[in-house]
Amino acid sequence: MNRTQGAAITAVALALLFAGGAVTVASADRDGAPATPVSASADAGFARDMAVHHQQAVEMSFIVRDRTEDEAVRRLAYDIANTQANQRGMMLGWLDLWGLPKNESGVEPMAWMGMGGSGDTGPLDGALMPGMATKSQIEELRAASGREAEVLYLKLMTAHHRGGVHMAEGCVQKCVVGAERALAQGMVDAQKSEMLLMADMLKERGA
């Protein structure tokens with residue numbers, strides 16, 4: 001390599017370095033947000049609320065696995081429980097990393113989305129957010145078995161996913177942390193696909 005070639009390579013490397021720095025600065029200017037989310041941010045609100053939402057999906061999935069021998073339902077329940085437990089761990093880990101509380105007293109669920117927070121049946125029966133099952137519905141699932149448990153689980157989980165997709169789409173629009181937005185978009189894609197699968201499974205069961 002001669003001196004001219006070396007100088008050219010150095011110039012290219014410096015140009016790439018400065019370009020990368022410019023992109024970083026531009027991104028920071030565009031977002032206009034601190035590197036670490038604050039407690040009132042959409043990032044923190046989504047992480048808290050979706051962790052609670054996911055926990056109920058995991059609970060319902062474990063319940064139905066004990067209430068039916070149907071392999072398709074048991075496989076779906078296992079996939080949902082495993083996926084959402086892992087995602088829940090990631091979101092709680094982010095809150096720890098950001099030094100933020102996992103529960104924020106005095107703040108209604110989904111306030112970060114500009115919503116009131118209660119589910120269709122109201123908060124008194126445990127439906128804290130849209131799509132979440134009430135305490136009565138959870139007990140009904142525990143008491144069911146066989147096809148009845150399968151149909152109830154598929155209906156409850158479809159509603160649960162619908163609420164979850166709505167919340168995840170809110171994070172895609174409002175969250176600042178790139179990894180969190182990517183996780184939220186992944187939830188949207190996966191849960192929409194699972195809703196289509198559950199619709200087919202309900203048809204197979206005449207529901």
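Residues numbered from 1 in each chain as written. Predicted model: local features only at pLDDT ≥ 70, side-chain atom pairs only at ≥ 80, totals over all residues. Heavy atoms only, no water.

*Asks:* Account for the side chain of aspartate 49, with residues named and values stated.
*Replies:* With respect to the element layout, aspartate 49 can be found in helix α2 (residues 42–67). The residues contacting aspartate 49, other than those within four sequence positions of it, are Pro109, Met110, Trp112, Met129 and Met167. (Helix = DSSP H or I, 4+ residues; strand = E, 2+ residues; numbered from the N terminus. Contact = heavy atoms within 4.5 Å.)

*Asks:* Describe the pattern of salt bridges, listing the residues and the values that go with them.
*Replies:* Throughout the structure, instances matching the rule amount to 8 salt bridges. Two residues, glutamate 104 and arginine 48, come together in a salt bridge whose shortest N-O distance is 3.8 Å. Residue glutamate 104 is located in the loop between α3 (71–97) and α4 (135–143), and its partner arginine 48 is located in helix α2; the two are separated by 56 residues in the primary sequence. On the basis of relative accessible area, glutamate 104 is assigned to the partly exposed category, the value being 30%. In this structure arginine 48 comes out as buried when scored by relative accessible area, which is 8%. (Salt bridge = Lys/Arg side-chain N within 4 Å of Asp/Glu carboxyl O. Buried < 20%, exposed > 50% of the residue type's maximum accessible area, 1.4 Å probe, protein only.)

*Asks:* Account for the confidence of the model for the protein chain, with residues named and values stated.
*Replies:* Interpreting fine coordinate detail is not advised for predicted regions of low pLDDT. In this model, the protein chain carries an average pLDDT of 84, and 78% of its residues clear a pLDDT of 70 or more. In this model, residues 117–122 is a region of pLDDT below 50 whose contacts with residues beyond four sequence positions or in other chains number 17 contacts. (pLDDT = per-residue confidence, 0-100.)

*Asks:* A description of the state of the cysteines should follow, citing residues and the corresponding values.
*Replies:* Within this structure, the stated rule accounts for 1 disulfide. Disulfide pairing places cysteine 171 opposite cysteine 175 at an S-S distance of 2.2 Å. One quick way to see it: the torsion about the S-S bond of cysteine 171 and cysteine 175 is about -120°, and its sign makes the bridge left-handed. Taken as a pair, cysteine 171 and cysteine 175 share a single burial class, namely buried. (Disulfide = S-S within 2.5 Å.)

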